Amino acid sequence: MQARKDGLAMPVAIQAEPVVPKRETGVSRWLRHVRHVLTSNPVTLLAFVLLTVILSAAILGPALVPYDPLQTNASQQMKPPSWAHWFGTDQLGRDVFSRVVVAARLDLIISVAAVALSFVFGSALGAVSGYFGGWCDKLVGRLCDTIMAFPLFVLAMGIVAALGNTVDNIIYATAIINLPFYVRMARAEVNVRRNAGFVQAARLSGNSDWRILALHIFPNALPPMMVQISLNMGWAILNAAGLSFIGLGVRPPTPEWGIMVAEGANYIVSGEWWLAVFPGLALMLAVFTFNLLGDGLRDIVDPQRRT
Amino acid sequence: MTALPLLHVSDLTVEFQTRNGTVTAVSSVDLTVAKGETVGIVGESGSGKSVTSYAVMRILDRAGRIADGTVTFSGIELHNADDEVMREIRGREISMIFQNPRAALNPIRRVGEQIEDVLRQHAQATSRNAREKAIDLLRLVRINDPEARYLAFPFELSGGMCQRIIIAIALACRPRLLIADEPTTGLDVTTQKAVMDLVVELTRAREMSTVLITHDLGLAAQYCDRIVVMEKGRVVETAPARRIFRAPEHPYTQRLMSATPRPGITLRDLLPNRPEAAAPPPKWQRSPDATEKPILSVVDLVKEYPRAGAKARGAESAGAFRAVDGISFDILPGESVGLVGESGCGKSTTSAMVMRLLDPTSGTIRFEDRDIGAIPAKNFARDPARSRLQMVFQDSTDSLNPRFTAFRAIADPLYRIGGVTREAQARAQVERLADQVVLPHDLLDRFPHQLSGGQKARVGIARAIALEPALLVLDEPTAALDVSVQAIVLNLLADLKAELGMSYLFVSHDLNVVRLLCDRVIVMQAGRIVEQASAEEIMTSPRDAYTRELLAAVPRPPV
């Protein structure tokens, strides 16, 4: 019995008793939990609403937009925002609103793919080195130190410049520079649980080391990783846009927020602010959304938050 | 007792705001502490005893608030005092010691400096004489060589020493009231005795009042003048310590009393209502049969750890630390053997080696006629003997995967080793196991944090017996449980043993508990076995001096 904890945890113990033990299916219980997380925290709710907006722009965008994002129109150059063109038009007469909406898909693909890659490889490497230790841990640790030793954006620039200017290479570069964060986090989370009681119990139940790592320890390391994933999504979008901005990423005329900001920046001085501001706002909104999302995602994957 | 009590708590109600609405943790509690009096607050987890003391100190966490009632300390109203007043009172007038002294000390500062901090904060010392006063305080709490210990960091001191430092800090400003919240839980019995004797002696000498919060009725009865028994946020009984043991009035006190393991009773006496009274309990006590072949036979078992820094100093001669130093013992089929000792004596290391979670340095472990000690621990998961050797862990919370439901936890060994492949088959077996450990079926779909301590212990036991092992190692399975739950779990373990014919190796620090469940007791000290005899013999006529010391340290209520 732990007195200090006791006093604080006690109200929970009291409330747990009268809960009616109703048999529920896993899915309905999970949905109820998601609903609780969303309604208990308005910020999380806002984040999920914004995420829905961004996702629908990415999925349905090309079908919804009023103009073809690549269609130039010589008679409509540099028009300020109006009812016909909500975000105005650019130097070639393309509709900025359509381009901003359509660009969501490419930016999301780049960031989701990059984060997914670094999460899968980073957490696998980190989990293995945290669980087994020894030479494997040392090797992975030094690899991360090497990556971290470079200014990360410069490293990404170098990778893209060396491999070539394609969407695939932007994804790889972004994934590589994010890798150490996942490795270190997974290593730390797995390491503290390596000798936990439930791991010993799993050994007694006849689980092999790999099974223990994959099914017993790793799922418990997920909640803090979710926060990292969400923050990283924001960074990855910024990173991809940054590479495009300096000309090392997606090439025109493909609509992408980074290039649009880069192209629009030339015209800010002459007063055509809408070219850079709207893609910039879209970028900001996306990063903001992912930053807000982290806590909510963690609460959803953490069973301890359920009652 | 003087006319005006030092501390007067009247009609105190504390509420917590939680996700599921307001929870009343303490309701209408009345409590008085006279000058120089030692009052014990006794109750099980969730009884509100700690919350009451937090409310007095006004250190409730943000969700909690004093909803009603008054707290008066020598004429000052604490329940609505502002923070400035409270800061002056905390430490100088009322001080507090907590459980887990190591957590209460700053790990990166020398203990002497931490004592000085408190002295200076309350203007009890100047920078010139602070060191001197701190060393005086260390001497007061009987720390040997106080000048050297002044410079020690908390990690260099044992748990008992850290608690002494905390006591020194608590007494630094000569407060009038000391609140001790489970000050010795987690310490060894001999350390507990030393710490409690010190607290009582020092507070008596200074005519201080003490509030001792504990779950241990025996401890409270030994050291307190008056005892307040709390249940579910209410005070159910207040009486002088002697009377509460002789004639407990409230049914809850009676239940608590009967569930406390003590000399001269049987396992069944722990339960509040004994339906078994009619049917005599099954016979667990077995006469040793010399011809019988032991199921487990440990010979000259040694576990060495390299000494910290030995490698760095480049001196191999620095040698190794022997956690287990050549021990030998047998366990017969169906026998239950207790392994008793204080923390660091090697009992957990021994059980981990027998369980094949840890490789021994040397020695043999023969189990069912095979030397399983030679099989590396990491390959043992695939060994046929794995299912025959299972374990119930000390901390039932830590030993359950937080992401696995109770069902999945119990079913895991069935799937992995038991050859069960279909969900329906597993369901049926798990439900049968749940019945055996008296766990309601609807709890099987809950996660560990949705279960109470006793329920988690049952899940752990169900998982351990799922493969019908021949030998079950019980590593302090009830150490984290309330006495009433402990009583039920101990009885459950005894019933399961009678039903399934397992052997038990029961690892514990509590001789009173071990005696109830075990036929034979092994006492360990510093990696060696100092005494090995039948349970009754150990309790009534211990031969070794260390065993006698252990027995003497167990709190003895004034009966």
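Residues numbered from 1 in each chain as written. Chains lettered and ligands numbered in written order. Predicted model: local features only at pLDDT ≥ 70, side-chain atom pairs only at ≥ 80, totals over all residues. Heavy atoms only, no water.

Of the regular secondary structure elements, chain A holds 11 helices and zero strands. When the helices and strands of chain A are placed in sequence order, the string is α-α-α-α-α-α-α-α-α-α-α. Taken along its principal axes, the extent of the C-alpha atoms in chain A is 75 × 50 × 35 Å. For chain A, the proportion of its 307 residues judged to be buried stands at 50%. The long-range share in chain A, meaning contacts at least 24 apart out of those at least 6 apart in sequence, stands at 72%. If you sum the accessible surface of chain A, you get close to 14,500 Å²; carbon and sulfur atoms cover 69% of it. For chain A, the distance from the average position of its 23 positive side-chain charges to the average position of its 18 negative side-chain charges is 9 Å. (Helix = DSSP H or I, 4+ residues; strand = E, 2+ residues; numbered from the N terminus. Buried < 20%, exposed > 50% of the residue type's maximum accessible area, 1.4 Å probe, protein only. Contact = heavy atoms within 4.5 Å. Areas by Shrake-Rupley, 256 points an atom, 1.4 Å probe, with all protein chains shown as cover. Lys, Arg positive; Asp, Glu negative; His and termini not counted. Charge placed at Lys NZ, Arg CZ, Asp CG, Glu CD.)

A separate point is the sheet that holds strand β11 (residues 296–306) of chain B. All names here are of chain B. Taken together, the four strands give an open sheet; going across it, the order is β12-β11-β14-β15, and neighbouring strands pair in antiparallel fashion. The two strands at the open ends of the sheet, each matched to only one other strand, are β12 (320–331) and β15 (370–371). In the packing of helix α12 (residues 347–354) onto the sheet, the strands contacted are β11, β12 and β14 (362–367), and the crossing angle to β11 comes to about 120 degrees. (Pairing = 2+ DSSP bridges. Axes fitted to C-alpha atoms, helices over the stretch in contact; angles between N-to-C directions.)

Once that is clear, we can look at the sheet that holds strand β2 (residues 21–33) of chain B. Residue and element names in this part refer to chain B. With antiparallel pairing, four strands are arranged side by side in an open sheet as β2-β1-β4-β5. Where the open sheet ends on each side, the last strands, each with one partner, are β2 and β5 (76–77). Note that strand β1 (residues 7–18) and strand β4 (residues 64–73) share eight bridges and pair antiparallel. By the bridge assignment for β4, His8 is matched with Thr72. Helix-sheet contacts for helix α1 (residues 49–57) involve β1, β2 and β4, and the interaxial angle to β1 is about 105 degrees.

Let us now look at the packing of helix α3 (residues 42–64) of chain A against helix α4 (residues 96–132) of chain A. Residues and elements named next belong to chain A. Two elements in contact, α3 and α4, have axes separated by 7 Å at closest approach and are oriented at 110 degrees. Taken together, α3 and α4 sit at an angle that is classed as roughly perpendicular. As for how α3 packs across α4, the hand of that crossing is left-handed. In this structure, α3 contributes Ile54, Leu55, Ala57, Ala58, Ile59, Gly61 and Pro62 to the contact, and α4 contributes Val101, Val102, Ala104, Arg105 and Leu108. Residue composition of the contact of α3 with α4, by class: 10 nonpolar, one polar and one charged. (Parallel < 35°, antiparallel > 145°, perpendicular 65-115°, else oblique. Left-handed = near helix turned anticlockwise from the far one by under 90°. Nonpolar A, V, L, I, M, F, W, Y, C, P; charged D, E, K, R; others polar.)

This next bit is on the packing of aromatic side chains. Residue and element names in this part refer to chain A. Within the structure shown, the criterion is met by nine aromatic pairs over all chains. Look at Phe119 and Tyr182: their rings are 6.0 Å apart centre to centre, the planes differ by 75 degrees, and that puts the pair in the edge-to-face class. Taken together, the residues Phe119 in helix α4 and Tyr182 in helix α7 (residues 167–193) connect sequence positions 63 residues apart. With relative accessibility at 0%, the residue Tyr182 sits in the buried group. Note on Tyr131 and Phe132: the rings are 4.9 Å apart at their centroids and 85 degrees apart in plane angle, and the pair reads as edge-to-face. An aromatic cluster is defined as three or more aromatic residues linked by ring pairs; in this entry it consists of Phe87, Phe97, Trp273, Trp274 and Phe278. (Phe/Tyr/Trp six-rings, centres within 6.5 Å; stacked < 30°, edge-to-face > 60°.)

Residue and element names in this part refer to chain B. Tracing the chain through its elements places Leu198 in helix α8 (residues 189–205). Its relative accessible area of 2% is what places Leu198 among the buried residues. With 31 residues separating them in the primary sequence, Leu198 and Ile167 have C-alpha atoms 9.1 Å apart. Dropping the residues within four chain positions of it, Leu198 is found in contact with Leu140, Val141, Arg142, Arg164 and Ile167.

Attention now moves to the packing of helix α7 (residues 159–171) of chain B against α8(B). Residues and elements named next belong to chain B. The N-to-C vectors of α7 and α8 enclose an angle of 15 degrees; their axes lie 10 Å apart at closest approach. Taken together, the axes of α7 and α8 lie roughly parallel to each other. Seen from above, α7 lies across α8 with right-handed handedness. Residues Gly160, Gln163, Arg164, Ile167 and Leu171 of α7 touch α8, and the partners they reach there are Thr191, Ala194, Val195, Leu198, Val199 and Leu202. Residue classes in the contact of α7 with α8 are distributed as seven nonpolar, three polar and one charged.

To continue, consider the nonpolar core. One finds Ile115(B), Ile165(B), Ile167(B), Ile227(B) and Leu517(B) to be the most contacted residues of the largest nonpolar core, which totals 118 residues. In terms of residue count, the dominant contributor to this core is α7(B) (nine residues). Among the domains, domain 1 (1–93 + 209–260) and domain 2 (296–306 + 320–553) of chain B are the pair contributing at least three residues each to this core. The residues contacting Ile165(B), other than those within four sequence positions of it, are Leu105(B), Val111(B), Ile115(B), Leu138(B), Ile143(B) and Leu157(B). Of all hydrophobic cores here, the second largest spans 55 residues; its members include Ala104(A), Tyr182(A), Ala186(A) and Val190(A). (Core = buried A, V, L, I, M, F, W, Y, C linked by side-chain atoms within 4.5 Å. Domains from an automatic or database assignment.)

Its place among the elements puts Thr89(A) in the loop between α3 and α4. The residues touching Thr89(A), leaving out its near neighbours within four places in the chain, are Gln76(A), Gln77(A), Met78(A), Lys79(A), Arg94(A), Asp95(A), Val96(A), Trp274(A) and Leu275(A).

Turning our attention to a nonpolar patch on the surface. Taken together, Leu55(A), Ile59(A), Leu60(A) and Leu64(A) make up a surface patch of nonpolar side chains, about 410 Å² in accessible area. Positionally, Ile59(A) belongs in helix α3. (Patch = residues over 30% accessible without salt bridge, like charges linked within 9 Å, V, L, I, M, F, W, Y side chains within 5 Å. Salt bridge = Lys/Arg side-chain N within 4 Å of Asp/Glu carboxyl O.)

Now for the confidence of the model for chain B. Residue and element names in this part refer to chain B. When pLDDT is averaged along chain B, the result is 84, and 93% of the positions lie at 70 or above. Every residue in residues 276–285 scores below 50 in pLDDT, and together they form 11 contacts with partners more than four places removed in sequence or on other chains. For the stretch residues 310–317, pLDDT sits under 50, and the model shows five contacts to residues farther than four places along the chain or on other chains. (pLDDT = per-residue confidence, 0-100.)

Residue and element names in this part refer to chain B. Taken domain by domain, chain B comprises domain 1 (1–93 + 209–260) and domain 2 (296–306 + 320–553). One C-alpha centre belongs to domain 1, the other to domain 2; they are set 37 Å apart. Contacts between the two partners involve four residues from domain 1, matched on the other side by four residues from domain 2. Taken as a group, Glu44, His215 and Ala259 account for 74% of the area that domain 1 buries against domain 2, more than any other trio of residues on that side. Inspection of the region where domain 1 meets domain 2 yields zero salt bridges. The tally of links between domain 1 and domain 2 comes to three residue pairs in polar contact (both at pLDDT 80 or more). Residues of the side of domain 1 that touches domain 2, tallied by class, amount to two nonpolar, one polar and one charged. (Buried area = accessible area lost by both parts, 1.4 Å probe. Polar contact = N/O pair within 3.5 Å; in protein donor to acceptor, adjacent residues only side chain to side chain.)

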